Amino acid sequence: MIVNRFVPARDLFDRLAIGLSALCLVHCAASVILLALLATAGGALLHPSIHEFGLGLAILLAIVGLGRGFLQHRRPVPMILGTLGIALMATALGVPHGVSEAAFTMLGVGCVAIAHLLNRRASAESLIA
């Protein structure tokens, strides 16, 4: 019987990136909602330095995690989707702080999170094969 287990060292970057992507998505959504409801509370959550640091870390984890996975399983779909997500996230760093920045961030984070899930599946399947 073959047990479907992820190798922790190979899976670490994907798990960290998925978690960071989820936190980023929650942060962006909460910021937009709070800004709409309470304009004064939105200022702290939407501070540019929080966004820049988080996106920079997310981009780095995405590159490492997806790159390691691609080297292992050679499946292009996670890498293509992840690259699109990273490009959207990088675009968010270059647009003015506000709604368009949040939209680029959330779209990018969503693409990267799905890419990491596909990457984990492909990595697990390549370990079984």
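Here we come to the pattern of salt bridges. Inspection of every chain in the model, using the stated rule, returns one salt bridge. The partner of Arg75 in a salt bridge is Glu125, with the nearest N and O atoms 2.6 Å apart. Of this pair, Arg75 sits in the loop between helix H3 (48-73) and helix H4 (76-94) while Glu125 sits in helix H5 (residues 99-128), placing them 50 residues apart in sequence. Of the residues examined, Arg75 reaches a relative accessible area of 36% and is grouped as partly exposed.

As a further point, take the nonpolar core. In this structure, Ala62, Ile86, Met89 and Val112 are the most contacted members of the largest nonpolar core, which totals 16 residues. Contributions of two or more residues to this core are made by helix H1 (8-37), H3, H4 and H5. Per-element tally for this core: the top contributor is H3, with six residues.

Our focus in this paragraph is the packing of H3 against H4. In a pair of packed helices, the angle between the axes and the distance between the axes together describe the arrangement. The contact between H3 and H4 brings their axes to 10 Å, and the two run at 165 degrees. Taken together, the axes of H3 and H4 lie roughly antiparallel to each other. Both H3 and H4 take part in a crossing whose hand is left-handed. From H3, His51, Glu52, Leu55, Ala58, Ile59, Ala62, Ile63, Leu66, Gly67, Phe70 and His73 reach across to H4, where they touch Pro76, Pro78, Met79, Gly82, Ile86, Met89, Ala90, Ala92 and Leu93.

Conventions and cut-offs
Residues numbered from 1 in each chain as written. Predicted model: local features only at pLDDT ≥ 70, side-chain atom pairs only at ≥ 80, totals over all residues. Heavy atoms only, no water. Salt bridge = Lys/Arg side-chain N within 4 Å of Asp/Glu carboxyl O. Helix = DSSP H or I, 4+ residues; strand = E, 2+ residues; numbered from the N terminus. Buried < 20%, exposed > 50% of the residue type's maximum accessible area, 1.4 Å probe, protein only. Core = buried A, V, L, I, M, F, W, Y, C linked by side-chain atoms within 4.5 Å. Axes fitted to C-alpha atoms, helices over the stretch in contact; angles between N-to-C directions. Parallel < 35°, antiparallel > 145°, perpendicular 65-115°, else oblique. Left-handed = near helix turned anticlockwise from the far one by under 90°. Contact = heavy atoms within 4.5 Å.

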